[in-house]
Amino acid sequence: MAHKKVYMIRHGKTPGNIEKRYIGSRTDEELSLDCIKEIQDKLSSKMLLTPDDVDRICTSPMRRAIQTAELLFDDPDIQIVEALKEIDFGVFEGKNYEELNGNEIYQSWIDSNGTMDIPEGEGRDAFIKRSYEGFLDALGDRSIDETIAIVCHGGNIMSVMSRLTGEDYYDFMTETLGGYILELETDDEGTHVISYHKLGAGDNS
């Protein structure tokens, strides 16, 4: 059985995040200029995660995740994991609460606690399944001890953590540049969580 340490990190803020819009897999935004400066300033002052023992770096294929990984880690060798795209928000994509308030379909989705399939988009169960498959892809060879950084989206983190722990999806809501550190045991039989904790500023343990 192998031991894997996994840093799951949500990307930095985009213009859409700042405006509290539903930014999913249809909107390939870059980080905001303010976010880029924030990351650079926090890295220089050691206020952000910069683990020096990472063996591999994996990201969502979306620019905001790749850009965050490139800023956080001085390593050009990044593995793209297609299944770690954010959820497809369908007809809600690019809109915020103010623009959707009063929309009957949106209200039905809210009333379902987000479990209803999004019109022209993706359902939560399918999204959790896809995200977990992407996570397993990022883990790679289950027989190798290694440390992996995965830069992805808030929805992916919620999906993976709820699937691994059996806890509620919304228990794992994550701020931009936040995330979790997981200690795992892996083999051909599956993946077992030893421990996990929230990623703190400057945490490189």
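You'll find the structure just up there.
The structure contained in this document is the topic of the report that follows.

Let's shift gears to the pattern of salt bridges. In the structure shown here, the tally under the stated rule is eleven salt bridges. Measuring nitrogen to oxygen at the nearest pair gives 2.9 Å for the salt bridge that ties K4 to E146. Of the two residues, K4 is situated in strand β1 (residues 2–10) and E146 in strand β4 (residues 146–152); the sequence distance between them amounts to 142 residues. The pair K4 / E146 is uniform in exposure class, with both members buried. In this structure, E122 and R130 form a salt bridge, with 3.0 Å as the shortest nitrogen-oxygen distance. The residues E122 and R130 share a single accessibility class, namely buried. Connected via shared salt-bridge partners are K4, R56 and E146.

Time to look at the nonpolar core. Grouped together as the largest cluster of nonpolar side chains are 33 residues, with contacts concentrated most on V6, M8, F92, F135, I150 and L182. Elements with a contribution of two residues or more to this core: β1, α5 (104–111), α6 (124–139), β4, α7 (154–165) and β5 (179–187). Sort the elements by how many residues they give to this core and α6 lands first, with six residues. Sequence-distant contacts of F135, that is, excluding residues within four places in its chain, are made with V6, M8, L84, I150, V160, L164 and L184.

With respect to the helices, strands and loops of the structure, T27 is situated in the loop between α1 (15–18) and α2 (33–44). Engagement of the side chain of T27 in a polar contact is seen with the side chain of E93, the distance being 2.6 Å. Here T27 is in contact with M62, R64 and E93, once residues within four sequence places are set aside.

This part is about the packing of α6 against α7. At a closest axis distance of 8 Å, the pairing of α6 and α7 adopts a crossing angle of 85°. As the angle between them shows, α6 and α7 are arranged roughly perpendicular. Residues F127, I128, S131, Y132 and F135 of α6 form the contact with α7, whose own contacting residues are G155, N156, S159, V160, S162, R163 and L164. Per-class residue counts for the contact of α6 with α7 are six nonpolar, five polar and one charged.

Topologically, R130 is positioned in helix α6. Judged by relative accessible area, R130 falls into the buried class, the value being 19%. Every residue in contact with R130, bar those within four places of it in the chain, is listed here: A83, L84, K85, E86, I87 and E122.

Another point: the packing of aromatic side chains. Applying the stated criterion across every chain, the model contains 13 aromatic pairs. Note on Y22 and Y106: the rings are 6.0 Å apart at their centroids and 70° apart in plane angle, and the pair reads as edge-to-face. One end of the pair, Y22, is in the loop between α1 and α2; the other, Y106, is in helix α5, with 84 residues separating them in the sequence. Residue Y22 is classed as buried on the basis of its relative accessible area of 17%. Put simply, the rings of Y22, F89, F92, Y97, Y106 and W109 touch in pairs and so form one group of aromatic residues. Sitting above the plane of the Y169 ring, R124 keeps its charged end 4.3 Å from the centroid.

Analysis parameters
- Residues numbered from 1 in each chain as written.
- Predicted model: local features only at pLDDT ≥ 70, side-chain atom pairs only at ≥ 80, totals over all residues.
- Heavy atoms only, no water.
- Salt bridge = Lys/Arg side-chain N within 4 Å of Asp/Glu carboxyl O.
- Helix = DSSP H or I, 4+ residues; strand = E, 2+ residues; numbered from the N terminus.
- Buried < 20%, exposed > 50% of the residue type's maximum accessible area, 1.4 Å probe, protein only.
- Core = buried A, V, L, I, M, F, W, Y, C linked by side-chain atoms within 4.5 Å.
- Contact = heavy atoms within 4.5 Å.
- Polar contact = N/O pair within 3.5 Å; in protein donor to acceptor, adjacent residues only side chain to side chain.
- Axes fitted to C-alpha atoms, helices over the stretch in contact; angles between N-to-C directions.
- Parallel < 35°, antiparallel > 145°, perpendicular 65-115°, else oblique.
- Nonpolar A, V, L, I, M, F, W, Y, C, P; charged D, E, K, R; others polar.
- Phe/Tyr/Trp six-rings, centres within 6.5 Å; stacked < 30°, edge-to-face > 60°.
- Lys NZ or Arg CZ within 6 Å of the ring centre and 35° of its normal.

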